[in-house]
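Descriptive structure summary
As a plain string of letters, each chain reads:
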Amino acid sequence: DRVKFSIVSPVSGKASLDVYNMMGQKIKTVYNGYLFANRTQVIDYSIPSSVKGALIYTLRVADKQVNGKVVQMK
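Residues numbered from 1 in each chain as written. Predicted model: local features only at pLDDT ≥ 70, side-chain atom pairs only at ≥ 80, totals over all residues. Heavy atoms only, no water.

1. Remarks on unusual backbone geometry
One non-glycine residue, Asn 38, adopts positive backbone phi at about 65°. As for its position among the elements, Asn 38 is in the loop between strand S3 (26-35) and strand S4 (40-46). In this structure, Ala 62 takes a positive phi of about 55° despite not being glycine. In this structure, Ala 62 sits in the loop between strand S5 (55-61) and strand S6 (64-70). Judged by its relative accessible area of 48%, Ala 62 falls in the partly exposed class. (Helix = DSSP H or I, 4+ residues; strand = E, 2+ residues; numbered from the N terminus. Buried < 20%, exposed > 50% of the residue type's maximum accessible area, 1.4 Å probe, protein only.)

2. Some remarks on the sheet that holds S3
The strand order S3-S2-S5-S6 describes an open sheet built from four strands, whose pairing is antiparallel. Two strands in the sheet have a free side with no partner beyond their single neighbour: S3 and S6. For this sheet, the mean inter-axis angle between neighbouring strands, taken without regard to orientation, is 15°. In this structure, strand S2 (residues 13-20) lies alongside S5, joined through six bridges in antiparallel fashion. Note that in S5 the partner of Tyr 20 across the bridge is Ile 56. (Pairing = 2+ DSSP bridges. Axes fitted to C-alpha atoms, helices over the stretch in contact; angles between N-to-C directions.)

3. Points about the pattern of salt bridges
Here the structure, examined in full by the defined rule, presents two salt bridges. One salt bridge in this structure joins Lys 26 and Asp 18, with 3.6 Å as the shortest N-O distance. For Lys 26, a relative accessible area of 48% puts it in the partly exposed group. Classification of Asp 18 as buried rests on a relative accessible area of 5%. The shortest N-O distance in the salt bridge between Arg 60 and Asp 18 comes to 3.2 Å. Separated by 42 residues along the polypeptide, Arg 60 in strand S5 and Asp 18 in strand S2 bring together distant segments of the chain. (Salt bridge = Lys/Arg side-chain N within 4 Å of Asp/Glu carboxyl O.)

4. Quick look at the packing of aromatic side chains
The full count for this structure, using the stated rule, is two aromatic pairs. Ring geometry for Phe 5 against Tyr 57: centres 5.5 Å apart, planes inclined by 70°, an arrangement best described as edge-to-face. Taken as a pair, Phe 5 in strand S1 (residues 2-8) and Tyr 57 in strand S5 lie far apart in primary sequence, 52 residues in all. Lying across the ring of Phe 36, Arg 39 places its NZ or CZ 4.9 Å from the centre. (Phe/Tyr/Trp six-rings, centres within 6.5 Å; stacked < 30°, edge-to-face > 60°. Lys NZ or Arg CZ within 6 Å of the ring centre and 35° of its normal.)

Nothing here speaks to function; it is geometry throughout.
Okay, structure coming up:
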């Protein structure tokens, strides 16, 4: 029911971390702020009980983007 994102970006810049369900619907913007290069930023996110299955996340820092999947363990 919780996810901990640990982010270390190679570049500094404005950043956002968005979480989506498997249908591509945005659930929440988990982080919106500034990241400094080579510094760890830890973000805790409580997954709503209404969300079932895997989640997709998109991290954007400056002009870079990373996508990934979070699979819920039972």
